[in-house]
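Below, each chain spelled out in residue letters.
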Amino acid sequence: MEHPENSAEYAGLQVNSGVEQPSIINPYLKRNRFRRRELSVAEMVEGIVKGDITILSQAVTLVESVNPDHQAKAQEVINKCLPYSGNSIRIGISGVPGAGKSTSIDAFGIHVLKEHGGRLAVLAIDPSSERTKGSILGDKTRMEKLSVHPDSFIRPSPTAGSLGGVARKTRETIILCEAAGFDKIFVETVGVGQSETACHSMVDFFLLLQVAGTGDELQGIKRGIMEISDGIVINKCDGDNVDRCHMAATNFRNALHFFPKSESGWMPKVLCYSGFYGTGIKEVWDMIYEYIDFVKGNGYFNYRRNEQSKYWMYETINEQLRLKFYNNPAIRQQLQDAERTVLAGQQTSFVAAQQLLDSYYNNL
């Protein structure tokens, strides 16, 4: 389109060319100027023991990395932090989606920091999308008070399609947090499912959050998660929902009588509270501390931690064997041939798997 100033009637006018736009990148900026210096293992351990949150976050990132060099360095840091760990109360928190896990953690955390002091770390496992492989990692937005508290540390981690690996990294993160001086640690799971077993194997007290209207005693018996719970709390006990919550608590108490007695000798309690209004929080913490005193008194506390250490040793062996098998160059080539023979119906899945395993062991 012709501009009007270019027409003959405006021949006396002179139109200057526009000013060239400068680059959005500062030409005087040195690329390596703001690159963070990589800390050594000794510096990282020293910072963690002093309670430096920034260095602790870098160490957790190192633990979560899949880079072999990062993993080797992370194991060195964990081994050197091990003597400073073990002096905390580890609490696992789970429940159905929408039960109010994040809101409850915010209320529980603020209460215990106010009443008992100390430092609190929250490790949240966030599910990753099967399609995009991404995670929201937004649990911190629901913990409005705890996220700005100077004595709290909130770290969400994505599952990235590997629940077992994330669970192992979460256990290693617990060691780092304990070495940094956190004496209370919450582990929040993604919801009801396989993650509960992994979470139970790394905590001292497993708390199950429930809401009213999830079924009667028969439904409670069928839920395997109740067998590993050390305490059950009914959330959203406020307003018109109070009577329903107390009825649900009665149903869960009745269901617990059908389970065999736990190894610790502890009978799980069922309480009602409101995470939104902050009512009943003290009773929940009283139950947790009563349980800790009970299991420390009969020796089950140390026994359970020793069993957990053995469990994670074997889990690590299983994970490493699996990684070495799939990363073997010869196996990678044979996998495609095995897939074709299975899909063509020339051999069964079990025979193909056995042949791959035999080939792997023969090449060791």
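Quick look at the overall build of the protein chain
Inference 1: When helices and strands are counted, the protein chain shows twelve helices and seven strands.
Inference 2: Counting over 364 residues, the protein chain shows a buried share of 42%.
Inference 3: Long-range contacts, defined as pairs at least 24 residues apart, comprise 75% of the intrachain contacts of the protein chain with a sequence gap of at least 6.
Inference 4: Of the accessible surface of the protein chain, which amounts to about 21500 Å², a share of 53% is contributed by carbon and sulfur atoms.

Description of a nonpolar patch on the surface
Inference 1: Together, Met-313, Tyr-314, Ile-317 and Leu-321 make up an exposed nonpolar region whose accessible area comes to about 410 Å².
Inference 2: Assignment of secondary structure puts Leu-321 in helix 10 (residues 300-326).

A short note on the pattern of salt bridges
Inference 1: As enumerated under the stated definition, the model contains eleven salt bridges in all.
Inference 2: With a shortest N-O distance of 3.4 Å, Lys-73 and Glu-38 are connected by a salt bridge. Pair noted here: Lys-73 is in helix 3 (residues 68-81) and Glu-38 is in the segment before helix 1 (41-49), with a separation of 35 residues, a long-range link.

Regarding the layout of surface pockets
Inference 1: Of the volumes computed, that of the second largest pocket is approximately 620 Å³.
Inference 2: In this structure, the second largest pocket is lined by 25 residues; those nearest its centre are His-200, Glu-227, Ser-262, Glu-263 and Tyr-300.
Inference 3: The element contributing the most residues to the lining of the second largest pocket is helix 10, with six residues.
Inference 4: In terms of residue class, the lining of the second largest pocket is built from twelve nonpolar, seven polar and six charged.

As for the packing of helix 4 (residues 101-116) against helix 9 (residues 281-298)
Inference 1: Here helix 4 crosses helix 9 at 70°, and the two axes come no closer than 10 Å. Taken as axis vectors, helix 4 and helix 9 run roughly perpendicular relative to one another. Contacts between helix 4 and helix 9 involve Ala-107, Phe-108, His-111, Val-112 and His-116 from the first element and Ile-281, Lys-282, Val-284, Trp-285 and Tyr-289 from the second.
Inference 2: Along the lines of polarity and charge, the residues of the contact of helix 4 with helix 9 split into seven nonpolar, two polar and one charged.

Observations regarding the side chain of Asp-230
Inference 1: Position of Asp-230 among the secondary structure elements: in the loop between helix 7 (217-222) and strand 6 (231-234).
Inference 2: At 2.9 Å, the side chain of Asp-230 and the backbone nitrogen of Phe-206 are in polar contact.
Inference 3: Sequence-distant contacts of Asp-230, that is, excluding residues within four places in its chain, are made with Asp-204, Phe-205, Phe-206, Trp-266, Pro-268, Lys-269, Tyr-291 and Arg-304.

Observations regarding the pairing of strand 4 (residues 184-188)
Inference 1: Across the five residues that make up strand 4, a large majority, five, are buried.
Inference 2: Here strand 4 shows a buried face lined by Lys-184, Phe-186 and Glu-188 and a second buried face lined by Ile-185 and Val-187.

What to know about the nonpolar core
Inference 1: Counting residues in hydrophobic clusters, the biggest one holds 47 residues, and the most contacted among them are Ile-48, Leu-176 and Met-226.
Inference 2: Among the nonpolar cores identified, the runner-up in size contains 32 residues, and Ile-89, Leu-120, Ile-154 and Leu-209 belong to it.

Considerations on the environment of Asp-52
Inference 1: With respect to the element layout, Asp-52 can be found in the loop between helix 1 and helix 2 (53-64).
Inference 2: On the basis of relative accessibility, which here comes to 31%, the residue Asp-52 falls in the partly exposed class.
Inference 3: When the C-alpha positions of Asp-52 and Gly-181 are compared, they lie 9.8 Å apart, and in sequence the two are 129 residues distant.

Concerning helix 1
Inference 1: Of the residues making up helix 1, those classed as buried are Val-41, Met-44, Val-45, Gly-47 and Ile-48. Around the axis of helix 1, the buried residues are gathered within 165° of arc, so they sit on the same side.
Inference 2: Gly-51 lies just past helix 1 and shows a positive phi near 85°.

As for the packing of aromatic side chains
Here the distance between the centres and the angle between the planes together describe a pair of aromatic rings.
Inference 1: By the definition in use, this model includes 13 aromatic pairs.
Inference 2: Ring centres 5.1 Å apart and planes at 85° place the aromatic pair Phe-325 and Tyr-326 in the edge-to-face group.
Inference 3: With a relative accessible area of 43%, Tyr-326 lands in the partly exposed category.
Inference 4: Taken together, the aromatic side chains of Phe-205, Trp-266, Tyr-291 and Phe-294 make up a single cluster linked through ring pairs.
Inference 5: Stacked on the ring of Phe-182, the Lys or Arg Arg-119 has its end atom at 4.2 Å from the ring centre.
Inference 6: A cation over a ring is seen here: Lys-296 above Phe-301, with NZ or CZ 5.0 Å from the ring centre.

What counts, and where the lines are drawn
Residues numbered from 1 in each chain as written. Predicted model: local features only at pLDDT ≥ 70, side-chain atom pairs only at ≥ 80, totals over all residues. Heavy atoms only, no water. Helix = DSSP H or I, 4+ residues; strand = E, 2+ residues; numbered from the N terminus. Buried < 20%, exposed > 50% of the residue type's maximum accessible area, 1.4 Å probe, protein only. Contact = heavy atoms within 4.5 Å. Areas by Shrake-Rupley, 256 points an atom, 1.4 Å probe, with all protein chains shown as cover. Patch = residues over 30% accessible without salt bridge, like charges linked within 9 Å, V, L, I, M, F, W, Y side chains within 5 Å. Salt bridge = Lys/Arg side-chain N within 4 Å of Asp/Glu carboxyl O. 1 Å grid on protein atoms, 1.4 Å probe; cavity = no way out; pocket = protein on both sides within 12 Å on 5 of 7 lines; lining within 4 Å. Points joined across faces, edges and corners; volume = space filled by probe spheres on them. Nonpolar A, V, L, I, M, F, W, Y, C, P; charged D, E, K, R; others polar. Axes fitted to C-alpha atoms, helices over the stretch in contact; angles between N-to-C directions. Parallel < 35°, antiparallel > 145°, perpendicular 65-115°, else oblique. Polar contact = N/O pair within 3.5 Å; in protein donor to acceptor, adjacent residues only side chain to side chain. Core = buried A, V, L, I, M, F, W, Y, C linked by side-chain atoms within 4.5 Å. Arc of directions from axis to C-beta. Phe/Tyr/Trp six-rings, centres within 6.5 Å; stacked < 30°, edge-to-face > 60°. Lys NZ or Arg CZ within 6 Å of the ring centre and 35° of its normal.

None of this, on its own, says anything about what the molecule does.
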